[in-house]
Amino acid sequence: MTSIEFQEKMLMLRAKYRMSTTSGFRTVAHNKKVGGHPESFHMLGLAEDVVMDSNFVFNLNDLYSDCTKLGLQMIYEGDHYHIEANL
Ligand SMILES: [Zn+2]
């Protein structure tokens, strides 16, 4: 999956979920600064951290399922959802 393809899939998710991106592409230096995994997909443009609007009601299982169908995997990290290419 290319970075462009990943972005297209994120746009598809945005059509359904009212979410904001809090972290997208990261340089190696920025990834290190924010304590990202040394091989984080953020540095390849293949991962985004998102948060849902607080008043947006959605089904977590739907989000998991929609990500899977798009070839993405989603990890809930406490205060945000990390979505990355499932390679
Ligand atoms: Zn992340």
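Residues numbered from 1 in each chain as written. Predicted model: local features only at pLDDT ≥ 70, side-chain atom pairs only at ≥ 80, totals over all residues.

Colleague: Before we go on, may I ask you to explain helix H3 (residues 60-69) in this structure?
Modeller: Counting along an α-helix, one turn takes 3.6 residues, and residues three or four places apart therefore face a common direction. Little of H3 sits inside the fold, with 1 of its 10 residues counted as buried. Taken from the residues just after H3, Gly 71 is the one with a positive phi, measuring 80 degrees. (Buried ≥ 20, exposed ≤ 12 C-beta atoms within 10 Å, placed from the backbone. Helix = DSSP H or I, 4+ residues; strand = E, 2+ residues; numbered from the N terminus.)

Colleague: It is not clear to me how the nonpolar core should be interpreted in this structure. Could you clarify?
Modeller: One recurring pattern in soluble globular proteins: nonpolar side chains tend to sit buried together. Phe 6, Met 19, Phe 41, Leu 46, Ala 47, Val 50, Leu 63, Leu 70, Leu 72, Met 74, Tyr 81 and Ile 83 form the largest nonpolar core, which has 12 residues in total. Those elements that provide at least two residues to this core are strand S2 (47-52), strand S3 (72-76) and strand S4 (81-85). Once you skip the residues sitting within four places of it in the chain, Met 74 turns out to touch Leu 63, Tyr 64, Cys 67, Tyr 81 and Ile 83. (Core = buried A, V, L, I, M, F, W, Y, C linked by C-beta atoms within 7 Å. Contact = placed C-beta atoms within 7 Å.)

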